[in-house]
Amino acid sequence: MILLYIFFGMLLAFTGGAPLGASNVAVISTTAKESLSKGMLVAYGAGFGEVILAFLALCYSQFLSNFFSMNPWLQLVFVVLFFLVGLYFVLPKKPKLKFKKTLKSPSRFITGFVLAFANPPVLIYWILVISLLQKYALSISDMSPISVLLLFFAGVFIGKVFILSLYGKWGRKFQHKKKEDKQKLFKYVGIALIALSVVQGIRFVVS
């Protein structure tokens, strides 16, 4: 019975992470440009960020629901960011962003964590699925035994990392391809992100 907690954690994280998102794109691009091992560092960071979101949804679901309903602009910002990132991938000539040499790029683990954590729609997803889980499947809350919570959040981490590893393996196929093939990959990713932002934007307007 107790293994159901890790199973549902894995299932919910896998399902939530299957649609193309910011962390998925980061894993694909990192793997295609560098290696699968470096792409997995992004995946591990995203897995940890997903655990934090699930924890917040479990402990503060009512507060967060009220917060998002009172601040709908947060979702709109996310939609615009997804659209801009998708547009960047689609453009044939990408603008070059120059930074001072003194500025260091964040580690891949941190990048994965930020991309997964700073994601309001995913947090809303966790609020919804945890409420359904509590109602129809498992008795779990912030008052559950530590062992139960650890199993559930371990499942969340494993599920998120597993689905991202599949995206990473897909990105690895383009690792030694020609430059033109990699550009096609990034173009497809950009189109998918733009489509996702449009769908999210329509849902935002309708709701």
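Refer to the structure above for everything that follows.
Scoring rules and cut-offs
- Residues numbered from 1 in each chain as written.
- Predicted model: local features only at pLDDT ≥ 70, side-chain atom pairs only at ≥ 80, totals over all residues.
- Heavy atoms only, no water.
- Helix = DSSP H or I, 4+ residues; strand = E, 2+ residues; numbered from the N terminus.
- Buried < 20%, exposed > 50% of the residue type's maximum accessible area, 1.4 Å probe, protein only.
- Contact = heavy atoms within 4.5 Å.
- Areas by Shrake-Rupley, 256 points an atom, 1.4 Å probe, with all protein chains shown as cover.
- Phe/Tyr/Trp six-rings, centres within 6.5 Å; stacked < 30°, edge-to-face > 60°.
- Core = buried A, V, L, I, M, F, W, Y, C linked by side-chain atoms within 4.5 Å.
- Axes fitted to C-alpha atoms, helices over the stretch in contact; angles between N-to-C directions.
- Left-handed = near helix turned anticlockwise from the far one by under 90°.
- Nonpolar A, V, L, I, M, F, W, Y, C, P; charged D, E, K, R; others polar.
- Polar contact = N/O pair within 3.5 Å; in protein donor to acceptor, adjacent residues only side chain to side chain.

*Asks:* Tell me about the overall build of the protein chain, residues and numbers included.
*Replies:* Secondary structure summary: the protein chain contains nine helices and zero strands in total. Listing each helix as α and each strand as β along the protein chain from the N terminus yields α-α-α-α-α-α-α-α-α. The buried share of the protein chain, reckoned over its 207 residues, is 41%. Sequence-distant contacts, at least 24 apart, represent 86% of the contacts inside the protein chain between residues at least 6 apart. Total accessible area on the protein chain is roughly 12400 Å²; 71% of this is exposed by carbon and sulfur atoms.

*Asks:* A description of the packing of aromatic side chains should follow, citing residues and the corresponding values.
*Replies:* Each aromatic ring pair is summarised here by two numbers: the centre-to-centre distance and the angle between the ring planes. Under the counting rule described, the total for this entry stands at eight aromatic pairs. When the centroid spacing of 5.6 Å and the interplanar angle of 35° are considered together, the rings of Phe48 and Phe113 count as tilted. Residue Phe48 is located in helix H3 (residues 36-59), and its partner Phe113 is located in helix H6 (residues 108-117); the two are separated by 65 residues in the primary sequence. For Phe48, a relative accessible area of 40% puts it in the partly exposed group. By the ring-pair criterion, three or more aromatic residues cluster together here, those being Phe48, Phe109, Phe113 and Phe117.

*Asks:* Outline the nonpolar core, supporting the account with residue identities and numerical values.
*Replies:* If you look at the biggest cluster of nonpolar residues, it comprises 23 residues, and the most contacted ones within it are Trp126, Leu133, Ile140, Phe152, Phe153 and Val156. For this core, the secondary-structure elements that each account for two or more residues are helix H1 (3-17), H3, helix H7 (120-136) and helix H8 (146-172). A total of seven residues in this core trace back to one element, the largest contributor, which is H7. Each residue touching Trp126, except ones within four places of it in the same chain, is listed here: Gly9, Leu12, Ala13, Glu50, Leu53, Ala54, Ala57, Phe152 and Val156. By size, the runner-up hydrophobic cluster in this structure holds 20 residues, among which are Phe82, Ile163, Leu164 and Tyr167.

*Asks:* So what's going on with the packing of H1 against H7? Residues and values would help.
*Replies:* The N-to-C vectors of H1 and H7 enclose an angle of 145°; their axes lie 11 Å apart at closest approach. In terms of crossing hand, the pair formed by H1 and H7 is right-handed. Where H1 approaches H7, its residues Phe8, Gly9, Leu12, Ala13, Thr15 and Gly16 are matched on the opposing element by Tyr125, Trp126, Val129 and Leu133. In the contact of H1 with H7, the residues fall into seven nonpolar, three polar and no charged.

*Asks:* Kindly report on the side chain of Thr30, identifying the contributing residues and their values.
*Replies:* Within the element layout of this structure, Thr30 appears in helix H2 (residues 22-33). Thr30 gets classed as buried once you look at its relative accessible area, which sits at 12%. Among the polar contacts made by the side chain of Thr30, one reaches the main-chain carbonyl oxygen of Ala26 at a distance of 2.7 Å. In this view, Thr30 contacts Ser35, Lys38, Gly39, Val42 and Arg108; residues no more than four positions away in its chain are not counted.

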